[in-house]
Amino acid sequence: MSLLRTFRFQSRGLVTTTKKWTAPKGPTGIVMLNMGGPSSLSEVYDFLYRLFADEDLIPLGRYQKQLAKFIAWRRTPMITEHYDDIGGGSPIRKWSEYQATEMCKTLDKLSPESAPHMPYVAFRYAAPLTEDTLKQMQADGIKRAVAFTQYPQYSCSTTGSSLNEISKLSKKLDPNNEISWSVIDRWPVHAGLIKTFATLIRDKLEEYDDSVKNNVVLLFSAHSLPMSVVNRGDPYPAEVASTVSHVMAELGFSNPYRLVWQSQVGPSAWLGAQTADTVKSLVAKGETNVILIPIAFTSDHIETLHELDLEMIAEAGVPGIKRASSLNGHPMFIEALADIVKNHLQEKKTSSKQYEMTCPMCTKEVCINSRKFFLQ
Ligand code: FES
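A brief report on the enclosed structure follows. (Residues numbered from 1 in each chain as written. Predicted model: local features only at pLDDT ≥ 70, side-chain atom pairs only at ≥ 80, totals over all residues. Heavy atoms only, no water.)

## So, the overall build of the protein
A count of helices and strands for the protein gives 13 helices and 8 strands. In terms of overall dimensions, the protein is globule-like: its C-alpha atoms have a radius of gyration of 21 Å, near the 21 Å expected for 376 residues. If you line up the protein on its principal axes, its C-alpha atoms span 60 × 50 × 40 Å. By the burial criterion, 55% of the 376 residues in the protein qualify as buried. Pairs at least 24 residues apart make up 81% of the contacts formed inside the protein by residues separated by at least 6 positions. Total accessible area on the protein stands at roughly 16400 Å², and carbon and sulfur atoms take up 55% of it. Once the 41 positive and 40 negative side-chain charges of the protein are each reduced to a mean point, those two points are 8 Å apart. (Helix = DSSP H or I, 4+ residues; strand = E, 2+ residues; numbered from the N terminus. Rg over C-alpha atoms; globule rule 2.2 N^0.38 Å. Buried < 20%, exposed > 50% of the residue type's maximum accessible area, 1.4 Å probe, protein only. Contact = heavy atoms within 4.5 Å. Areas by Shrake-Rupley, 256 points an atom, 1.4 Å probe, with all protein chains shown as cover. Lys, Arg positive; Asp, Glu negative; His and termini not counted. Charge placed at Lys NZ, Arg CZ, Asp CG, Glu CD.)

So this is what it looks like as structure tokens:
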């Protein structure tokens, strides 16, 4: 608790006296943050090791690194098979680079005063890793940068981990703070995001007969979190629920719906209901028209292409169980990304107000340090 008090006192002082992001002119680096995924099968072990070694994502206690090695070794054969099933690797890099490039082209027109905008991708657990991206930005002479999370809803496990990583690495690679940073740390109810989700759901509903269309169950699925993270006060569950509520409002609350959670790992308690259990339960109750909607991912990756499509939908073998397409390269979504950055640049804020506050039960110094880095 004392750490939290310290941080809030300091951050208030820093925010009121600091840059309103009056960064130097020149190219603006837009850095898309995400977890990443192995682009080839040979990268699976390293990806898993980095993922399980990240205590911001999955806290495993004092033997985190040793346990991460063991878990990665145990899971590599099965996860390699899964990536093989979806074409030999994750498409997340392809989509992230496409989204970043197309978004920057639009931004050059929308915000000529901050142009040229240079697209970067910084992944937490796979290439291009955050460290390599930061080095590339330095080599490109970037002096101002926007860390743009590609998780629309903020969690300390995801966006928080990426921001912690940038702040830690910057101390090492950029000790004189030559790159001036600001952060887009969440955008759960951006109008363009909501409209794109609604459009993709409407497109999928068109595949049903008119007689059943309004009764199709919309099952919004987001990556789950360990309850230890939820109980720390992580904002993610509330922000995901907020996205769902806005999408349903956009659809005029036309269908029954639920928010459920997928991808639980290990024996500890995680946020539920689990998506897989829910699909099975709905089918058992005779509910055979269901659309699964990945509501917290901005592109396809193993959780959509394998977990939803193969493990749940193909396995269920019920024709009325389908999945809404992911956001991927939808033109409306690219417009939304550009609009989010344009608004951020015009507002000249270093972050959202929410980012200033740590979780109520957080005692991690790294969370305070990263806020000091981005907010001062
Ligand atoms: Fe949420 Fe530290 S865990 S701010």
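Past the structure itself, the notes keep going.
## Topic: the side chain of glutamate 303
Looking at where glutamate 303 falls in the secondary structure, it is placed in helix α11 (residues 302-316). There is no salt bridge for the buried glutamate 303, and the closest opposite charge comes from arginine 75, which lies 8.6 Å off by N-O distance. When sequence neighbours within four positions are dropped, the list of residues in contact with glutamate 303 reads His223, Gln262, Ser263, Phe297 and Leu308. (Salt bridge = Lys/Arg side-chain N within 4 Å of Asp/Glu carboxyl O.)

## Overview of the environment of proline 38
Checked against the element boundaries, proline 38 lands in the loop between β1 (28-34) and α2 (44-53). When the C-alpha positions of proline 38 and tyrosine 83 are compared, they lie 8.4 Å apart, and in sequence the two are 45 residues distant.

## Considering α11
Every α-helix winds through 3.6 residues per turn, so residues three or four apart in the chain are directed the same way. Taking 1.5 Å per residue as the helical rise, α11 with its 15 residues ought to reach 21 Å, whereas the 18 Å between its terminal C-alpha atoms falls clearly short. Roughly 35 degrees is the biggest bend found in α11, and it falls at aspartate 309. Where α11 is concerned, the buried positions are Ile302, Glu303, Thr304, His306, Glu307, Leu308, Met312 and Ile313. Close packing links the buried residues of α11 with α3 (64-85), β5 (217-223), β6 (257-262), α10 (275-284), β7 (290-294) and β8 (321-323). Following α11 by one or two positions, glycine 317 adopts a phi angle in the positive range, close to 65 degrees. (Expected span 1.5 Å × (residues − 1). Bend = angle between axes of the 7 residues up to and from the residue.)

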